[in-house]
Amino acid sequence: MKRTADTWHMRAVSVALLGAIGCHGGSTTGGSPAGSAAPAASAAPAAAGSAAAAAGSAAAAGSAAAAGSATPAAEISLTSESVLKVMNSKGRAPYSGPTGTLRGRVTIKGDPPPDTRLGFPTGKCGEAAATYGRLFRVGQQNALADALVTVVNYSGYVPEREEAEKVTIHGCAFSSRTVAMTFGQRLEVANLDPLESYMPNLEGAPFMAVLVAMPQGQPVKFHPPQPGYYELVDKMPTKPFLKAEVFVLKFSTHDVTGLDGKFEIKNIPVGKVLTAALLPAIAQDVKKEIEIKEGDNTLDFELTFDLAKYNEKKGAKTSSP
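Criteria and thresholds
- Residues numbered from 1 in each chain as written.
- Predicted model: local features only at pLDDT ≥ 70, side-chain atom pairs only at ≥ 80, totals over all residues.
- Heavy atoms only, no water.
- Buried < 20%, exposed > 50% of the residue type's maximum accessible area, 1.4 Å probe, protein only.
- Helix = DSSP H or I, 4+ residues; strand = E, 2+ residues; numbered from the N terminus.
- Pairing = 2+ DSSP bridges.
- Contact = heavy atoms within 4.5 Å.
- Axes fitted to C-alpha atoms, helices over the stretch in contact; angles between N-to-C directions.
- Core = buried A, V, L, I, M, F, W, Y, C linked by side-chain atoms within 4.5 Å.
- Salt bridge = Lys/Arg side-chain N within 4 Å of Asp/Glu carboxyl O.
- pLDDT = per-residue confidence, 0-100.

Chemist: Describe the pairing of strand E12 (residues 243–249), listing the residues and the values that go with them.
Modeler: Judged by how many residues are buried, E12 sits mostly within the fold: 6 of 7 residues are covered. Pairing geometry for strand E6 (residues 178–182) and E12, over 5 bridges, is parallel. Across the sheet, the residue bridging to Thr182 is Leu249, located in E12.

As structure tokens, this is what we get:
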């Protein structure tokens, strides 16, 4: 699938926004692992590696359709040595002190999202227009969907508890346009449609074949080989709009908002932390430093969208050599 200049620009900006915060269990102290390049003062927490390394084209060893798992030669899991070297390079025991849960809502004000002018197949793609028809998704009372919310700069190693991050496809649409994973998790993509088949692919990760997500069948599994930025797409030529931005992070304290704009992040060590909400579709983020207390904590974010400024930046990038 060909990528437009605007897509590549979004990719580079998203990676830059992620920066190099939160390299070791959410703490910026003690140095950065190999691959980190951005300063600790970056706008949002970070995935290792450059845009070229993390978001480059996938190296295919074949083009035949298959069902199963796209697993690289070196098995990637939460307990594999290569993962622990990145996630917990100092070999610390999992944090066992008091923790808090952060809940809140992300909203957006300003101009409404413009129409993407994409075309969608009629009949079988009932959810595609609602998901991809505008630049970003807004729910009731300005709730912002698909925003990546992160917490970093705490002290301690907080391991990921879920082995897989799950995404579904229904009506020619992914369940979210933004996916956040912890390095070591596998990505499972399940097809909920009763008749339609899809060929999901995680661009930026190696794969052995184009995998088929059968109707209501077993999920297709992907194993991102390193932290970074990826793109989940469908290899079917009739659905070029079907995509999601995937962030594989070096810490487990993250969430992505739904149409209600809500998020919930558990198991955060108490103390001062840096939080951020990022909307990849417009490459914009907002960050706040807060004190996490034991038990429940609440924090809301608000972004602002200025269509004129967005178009100005987009035009400047498109016209540049």
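Chemist: Which residues make up the environment of Val149, and what values do they have?
Modeler: When you line up the elements, Val149 lands in strand E4 (residues 148–152). What makes Val149 buried here is its relative accessible area of 0%. It is 6.5 Å that separates the C-alpha atoms of Val149 and Leu278, two residues lying 129 residues apart in sequence. Excluding residues within four positions of it along the chain, Val149 makes contact with Val106, Thr253, His254, Asp255, Thr257, Phe263, Ile265, Ala276, Ala277 and Phe301.

Chemist: Let's hear about the sheet that holds strand E8 (residues 200–203): which residues, and what values?
Modeler: In spatial order, the strands read E6-E12-E11-E8; together these 4 strands make up an open sheet with mixed pairing. The open sheet has two edge strands with one neighbour each: E6 and E8. Geometrically, the sheet is characterised by an average inter-axis angle of 25° between neighbouring strands, direction not taken into account. In this sheet, strand E11 (residues 228–234) lies alongside E8 in antiparallel orientation, the contact comprising 4 bridges. Its bridge partner being in E11, Pro200 is matched across the sheet by Asp234.

Chemist: I'd like a rundown of the nonpolar core, residues and numbers included.
Modeler: In terms of nonpolar packing, the biggest core is built from 36 residues, with Val106 and Phe136 touching the most fellow members. Broken down by element, this core gets its largest block of residues, 5 residues, from strand E15 (residues 271–279). Not counting the four nearest positions on each side in its chain, Phe136 is found in contact with Ile108, Asp111, Pro113, Leu144, Arg177, Leu279, Ala281, Ile282 and Phe305. In terms of nonpolar packing, the next biggest core, distinct from the first, is built from 32 residues, Ile169, Phe183, Phe241 and Leu242 among them.

Chemist: How would you summarise the pattern of salt bridges if you had to cite specific residues and measurements?
Modeler: With the rule as written, the count across this model stands at 11 salt bridges. The closest approach of N and O atoms between Glu264 and Arg103, which form a salt bridge, is 2.6 Å. Residue Glu264 is found in strand E14 (residues 262–269), and its partner Arg103 is found in strand E3 (residues 99–110); the two are separated by 161 residues along the sequence.

Chemist: Requested: an account of the confidence of the model for the protein chain, with residues and values cited.
Modeler: For the protein chain, the mean per-residue pLDDT works out to 82, and 74% of the residues sit at or above 70. Per-residue pLDDT stays below 50 along residues 20–25; that stretch engages in 44 contacts with residues further than four places along the chain or on separate chains. Between residues 28–67, whose pLDDT stays under 50, and residues either more than four places distant or in other chains, the model counts 104 contacts.

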